[in-house]
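So you can see what is in the structure, the chains are spelled out below.
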Amino acid sequence: MPLTPISDLVQHARAQRYALGYFESWNFESLQGVLDAAETTRSPVIIGFNGEFLSHPDRKLPERLQCYAELGKAAAAGATVPCGLIFNECPNDDWVRKAVVAGFNLVMPADAAASDKEYVRRVAELTEFAHLHGVAVEAEVGHLPSGTNGRQRGSQLTDPEWAARFVQVTGVDLLAVSVGNVHVLTKGERELDLERLSQICRKVAKPLVLHGGTGISAASLREAIALGVAKVNYGTYLKQRYLTAVRTSIAVNEDNPHELLGIGGDRDVMVAGRVAVRDAVLERIGLLGCCGKAN
């Protein structure tokens, strides 16, 4: 089916009191693994790619954004569950505009280095541009810490009053918040500041989003969804599972390269990655309450 408007996906999620999962992809196998899990559980889903990574100036080779957009749209067209397509967390405004034109139906400008005033101005301009093309916008108030090996660095919790003003001024469709969730938490889990989240929910009428889903405890996540969180992002643990599966698969002693790449059998590295992502999504998607909601 074609991409489902983000407004429709979010409205259904809020009415049915579940959260949409955004399980981030980085290649064809990971994208297929996400869809395999969504179709198995009959779950509406957000698919997409990381805009900060794809637009980063230090990439060894330039990326063709249109290819990623077409891949996502084609994946949604062949899926049997409703899909949205996000260009996630991009600090480069030109790339955000290109993503809008390319066919993503949700974009997220995000720039932790920008001042509040500058970020508001840029988000407001990008939101106006995106809305003219029928594309929804997600933005972030507050900054998630980045955590690796159990350490956390750089955190700014979301202020409920500022969040309400930000949404009013910019006109964004979804708001990502910082309430104890952590980006790139490779070990362990964290509890959310549910009281702060509740205050934000009372102040902000727009749907709320939690990034850093990998490191949120199941109990906190259920409470957050009950409060009204409509979208949860996952990425880190998917790549961890993918890498483990690929490393195991490629370590097999096999002289025929086709057995390891492209033949589609038990030894195929690409299959191993796809299955690992599928199984990883299946482990978490039930927590969101979205299973069966695509029927």
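Structure: above.
Note that the structure is predicted; figures quoted are calculated from it, not measured.

### Re helix α6 (residues 116-132)
In step 1: In this model, α6 (17 residues) spans 24 Å end to end at C-alpha, consistent with the 24 Å of a helix rising 1.5 Å per residue.
In step 2: Inspection of α6 places Y119, V120, R122, V123, L126, T127 and A130 among the buried residues, and these make up the whole buried set.
In step 3: For α6, the secondary structure elements touched by its buried residues are α5 (93-102), β4 (106-109), β5 (136-141) and α7 (160-170).
In step 4: Once α6 ends, the next one or two residues include G134, with phi positive near 75°.

### A word on the nonpolar core
In step 1: Among the nonpolar cores identified, the biggest contains 89 residues, and F23 and F104 are the most heavily contacted of them.
In step 2: Residues within four places of F23 in sequence aside, it is in contact with V34, V45, I46, Y234, Y237, L238, V281, I285 and L288.

### Things to note about unusual backbone geometry
In step 1: Although it is not a glycine, R17 sits at a positive phi angle of roughly 60°.
In step 2: Relative to the helices and strands, R17 is located in the loop between α1 (6-16) and β1 (20-23).
In step 3: If you check the backbone angles, V184 has positive phi at about 50° while not being a glycine.
In step 4: Along the chain, the position of V184 falls in the loop between β8 (174-177) and α8 (194-203).
In step 5: The class of V184 is partly exposed, set by a relative accessible area of 38%.

### Section: the pattern of salt bridges
Between side chains of opposite charge, pairing is possible as soon as their charged atoms come close.
In step 1: Summed over the entire model, instances satisfying the criterion amount to 15 salt bridges.
In step 2: A salt bridge links R274 to D36; the shortest N-O distance between them is 2.7 Å. Highlighted residues: R274 in helix α12 (residues 269-285) and D36 in helix α2 (residues 28-41), separated in sequence by 238 residues.
In step 3: For R122, the salt bridge identified is with D93, shortest N-O distance 2.9 Å. Of this pair, R122 sits in helix α6 while D93 sits in helix α5, and the two are 29 residues apart along the sequence.

### Examining the packing of α2 against α12
In step 1: One can describe the packing of α2 onto α12 by two numbers: an axis separation of 7 Å at closest approach and a directional angle of 40°. Overall, the two elements α2 and α12 adopt an arrangement that is oblique. The two elements α2 and α12 meet at a crossing, and its hand is right-handed. Here α2 contributes E29, S30, Q32, G33, V34, D36, A37, T40 and T41 to the contact with α12, which in turn contributes M270, R274, V277, R278, V281, L282 and I285.
In step 2: Looking at the contact of α2 with α12 residue by residue, the class counts come to 7 nonpolar, 5 polar and 4 charged.

### Quick look at the environment of H131
In step 1: With respect to the helices, strands and loops of the structure, H131 is situated in helix α6.
In step 2: In this structure H131 comes out as partly exposed when scored by relative accessible area, which is 37%.
In step 3: On a C-alpha basis, the gap between H131 and Y237 in space is 33 Å, while along the polypeptide they are 106 residues apart.
In step 4: Aside from chain neighbours lying at most four places away, what touches H131 is G171 and D173.
In step 5: Polar contacts involving the side chain of H131 include one to the side chain of D173, which spans 2.8 Å.

### Thoughts on the layout of surface pockets
In step 1: Here the largest pocket defines a volume of roughly 720 Å³.
In step 2: What lines the largest pocket is a set of 32 residues, and nearest its centre among them are N50, E52, E89, H183 and V184.
In step 3: Secondary-structure elements contributing two or more residues to the lining of the largest pocket are α3 (51-55), β3 (83-90), β10 (229-234) and α10 (236-250).
In step 4: In terms of residues, the lining of the largest pocket owes the most to one element, α10, which gives 3 residues.
In step 5: Here the residues of the lining of the largest pocket are counted per class, giving 13 nonpolar, 13 polar and 6 charged.
In step 6: In this structure, the second largest pocket encloses a volume near 240 Å³.
In step 7: Lining the second largest pocket are 15 residues, with P5, I6, S7, A136 and D173 positioned closest to its centre.
In step 8: The element contributing the most residues to the lining of the second largest pocket is α1, with 5 residues.
In step 9: When grouped by side-chain class, the residues that make up the lining of the second largest pocket number 8 nonpolar, 4 polar and 3 charged.

What counts and how
Residues numbered from 1 in each chain as written. Predicted model: local features only at pLDDT ≥ 70, side-chain atom pairs only at ≥ 80, totals over all residues. Heavy atoms only, no water. Helix = DSSP H or I, 4+ residues; strand = E, 2+ residues; numbered from the N terminus. Expected span 1.5 Å × (residues − 1). Buried < 20%, exposed > 50% of the residue type's maximum accessible area, 1.4 Å probe, protein only. Contact = heavy atoms within 4.5 Å. Core = buried A, V, L, I, M, F, W, Y, C linked by side-chain atoms within 4.5 Å. Salt bridge = Lys/Arg side-chain N within 4 Å of Asp/Glu carboxyl O. Axes fitted to C-alpha atoms, helices over the stretch in contact; angles between N-to-C directions. Parallel < 35°, antiparallel > 145°, perpendicular 65-115°, else oblique. Left-handed = near helix turned anticlockwise from the far one by under 90°. Nonpolar A, V, L, I, M, F, W, Y, C, P; charged D, E, K, R; others polar. Polar contact = N/O pair within 3.5 Å; in protein donor to acceptor, adjacent residues only side chain to side chain. 1 Å grid on protein atoms, 1.4 Å probe; cavity = no way out; pocket = protein on both sides within 12 Å on 5 of 7 lines; lining within 4 Å. Points joined across faces, edges and corners; volume = space filled by probe spheres on them.

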